[in-house]
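# Remarks on the overall topology
Okay, here's what each chain looks like letter by letter:
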Amino acid sequence: MKKFLAMILALAMIMTLAACGSQTASSAPQSSSSKETTAPAASSQASSSAPSSSEPQKLTLILRGGTYAEVIKAALPDFEAANNVKCEVLDLSFDDLHNKIALDATNEKGAYDLCMVDGSWMAEFTAHNVLANLSELGYKFDDDIIPNTTAICEVNGQIYLAPYFGNVTVMLYNKENVKNAGVDIGAVDSWEEIMTACKNAASQGKKGFLLRGDTPDNFVSDFLPLLLAFNGWVVDKDNKPTVNTPEFKEALNFYLDLIATGEAQSKDDIVAALDSGAATMAVGWPGWYVPADDKAASYIMIPPSAKKGGQKYATSEYGIWCVGITRNSQNKELAMKLLEYIMSPEVQLASIDNGGVPCRYSCLKNADVLAKMPHLQTVCDALENGVYRPVIEEWTEFTNILGAEMDNIINGVKTVDVGLADAQAQLEALMA
Amino acid sequence: MSNKPYKLSEGALGDRAFPHIMLAPTLIVLTVMTLYPLVFTFIYSFTDYNYLKQSASFIGFGNYITLFKNNYFRQAIFNTVKFTLLAVMFEMFFGLLVAVFVNSLKKGQKIMRTLLLLPYLLPAVTVALSFRMMLSPNYGITTQVLTTLGLPVYNWFHEIKTAFNTILLIDVWQNVPFVFLLLYASLQTVSSDQYEAASIDGANVLQQFWNVTVPNIKNSIALCTLLRTIDTFRLFEKVNILTGGGPANSTATITQFLYNYGIKNLKFGFGSAGAIVMTVLVLILSSFYIKKAIQ
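Here's a quick rundown of the structure. (Residues numbered from 1 in each chain as written. Chains lettered and ligands numbered in written order. Predicted model: local features only at pLDDT ≥ 70, side-chain atom pairs only at ≥ 80, totals over all residues. Heavy atoms only, no water.)

### Digging into the pattern of salt bridges
Enumeration over the complete set of coordinates arrives at 23 salt bridges over all chains. In this structure, the salt-bridge partner of Glu-397 of chain A is Lys-267 of chain B, at a minimum N-O distance of 2.9 Å. Placement of the pair is Glu-397 of chain A in helix α15 (residues 395-410) and Lys-267 of chain B in the loop between α11 (254-263) and α12 (268-294), with the two residues belonging to separate chains. On the accessibility criterion, Glu-397 of chain A (18% relative accessible area) is buried. (Salt bridge = Lys/Arg side-chain N within 4 Å of Asp/Glu carboxyl O. Helix = DSSP H or I, 4+ residues; strand = E, 2+ residues; numbered from the N terminus. Buried < 20%, exposed > 50% of the residue type's maximum accessible area, 1.4 Å probe, protein only.)

Below, the structure is given as structure tokens:
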């Protein structure tokens, strides 16, 4: 009997500790890469009860951490004061934001009111009724918003998201390195010239082209602009995977040559390397770096063609952070008021001083703004011609699979042919 | 008045029922906290449960078949087992070494104990982020020191040849203090008489360590090994923050795989199957200790 009890207790202990491992997988990243802040006044959670005249209402915002959340936080005090509201802000990493919104979506009463959504989640969120219909709440796009940026925000003519932060891929470069490489950055309009600049810089002892090597999604999203320049894409018009095509292979072989001039680094390291002059070029996002005359780095639009004088394509990949309201929000009207407030031209214009990148012509083409920040003209041009990642429900899995195979190819574990054939087979099974 | 001592087990409860009643609250808590989630994880592992879809169909061993057909999962199992064996081996070795050293000190044991414990007190996330900064190829202090000394500099977390070992080193650095603390406490209980007797019998330091120290602390060593094995098997934060399982899946662990392919996609049925496989593997690795505990 004693032996039996001892065995049961030992098994229970092992299982408890081991089972914690699976919980860690879901909960750890929340603590690992995200931080919870309250801005600017602390509150606990959303409330559905009518507030008294002295008691402020509460709104909970769940946002992408970094500049994207900071610009909204900076705008909140005025809204709070004018509407007797207290806002609680959760700023999270990319994956945590997706998971938290999705996990809360099945609750009858939601914990979040206003949420930030990446365009690539739109299909999944729409299919599972995660977001509130903004059209029903009275929201309309105005003519000032760059039309192309709203492409994924509507479903069947109904608005579910508003494009808030104009994140779109740009080509980051170190001014000195590019100049020393003998390339006129203002005239660059092909990836061939990017290759020349990076090879020349590498021959001068600098790192050429850097890529993000943190997650499978990084591998995919950093490669897509180049793929577009080679007239390739990851799915066809029927959303069938197209990663084992001649265009894809040609683009990937070119990419391998390009990244051989540099190496994979984390996002923070890439920015630091370009700013310090240790590296020459990388695909980046406006939210990463704010150029200025006295800064060492800047950015241009992603070159539209693969070869000099070749066919030009829309190569700017959107990573626009949209804002929406959760379907199960307990404060939809107030959240709508906040959404309209942060989407207003005045607030968006003011956000530029905090690193914001509006999707509005009136902001990006404002003479005073351009005088201070001429790089916003580049962003505006990129936003006008941007391309959203495929709007498919399986996109998170899709990038996992493709990114993992690209990781293998880039690190020499698989050849281009084998890696892409494997990716194609897995993606076809996924999309079947 | 009788001087006969009162026995708790006497009276209405009886000799047999009393201990069971006393154990009941613990057993109920254990059942709720352990068996309930375990049973549900087990049941979900046979379904295609997707949290967002809120639907679950029974698919038999579908998840398990998919798992074992997946090259990345097999690679993750290999990485996890390799990492666990290496990490536990190094942690036990250095932990024991430090414990014996500190225990032998005539002065300064308290301050050494406190200082040595510091890495273990830090959250894994903080440790990961600190090392990420220190080993940055651009602004990391390690890079600057190595460059100054004219030594080769590596891109520690993004090269296949260095990523796994760098994470291993960080994990060992953080967890040696745990082993040290447990073994140090055990060493404190070893009677000095035994060392004196061994010394009189002519045993040298190594012989004393092997014939006196080790037999006295072997149970603590076994327990420590078990706890470190279970904990290392669950390695997640450091991998997720520092490499995300790359480069080329070379640092992917089972938990990282489950996060990437199960939790992140909200495919909890698939994730549950992976969790069950992981639990079974931990049970196998821990079976030596369990067997010993039963005996």
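Back to the text.
### A few points about the pairing of strand β2 (residues 57-64) of chain A
All names here are of chain A. Where β2 and strand β3 (residues 85-92) come together, 8 bridges link them in parallel fashion. Looking at β3, one finds that Ile-62 is bridged to Leu-90. What joins β2 to β3 is helix α2 (residues 67-83), and the crossover it makes is right-handed. Bridge count for β2 against strand β4 (residues 114-118) is 2 bridges, and the pairing is parallel. Residue Ile-62 lies in a different strand from β4, and its bridge partner there is Cys-115. (Pairing = 2+ DSSP bridges. Right-handed = clockwise from strand over helix to strand, strands pointing away.)

### Digging into the state of the cysteines
All names here are of chain A. This structure, assessed with the given rule, holds 0 disulfides over all chains. Here Cys-153 stays unpaired: no disulfide links it, and the sulfur of Cys-322, its closest cysteine neighbor, is 4.1 Å away. The buried category is assigned to Cys-153, whose relative accessible area is 0%. Cysteine Cys-380 remains unbridged, with the sulfur of Cys-359 as its closest cysteine sulfur at 9.7 Å. Look at Cys-380 and you get buried, because its relative accessible area is 0%. (Disulfide = S-S within 2.5 Å.)

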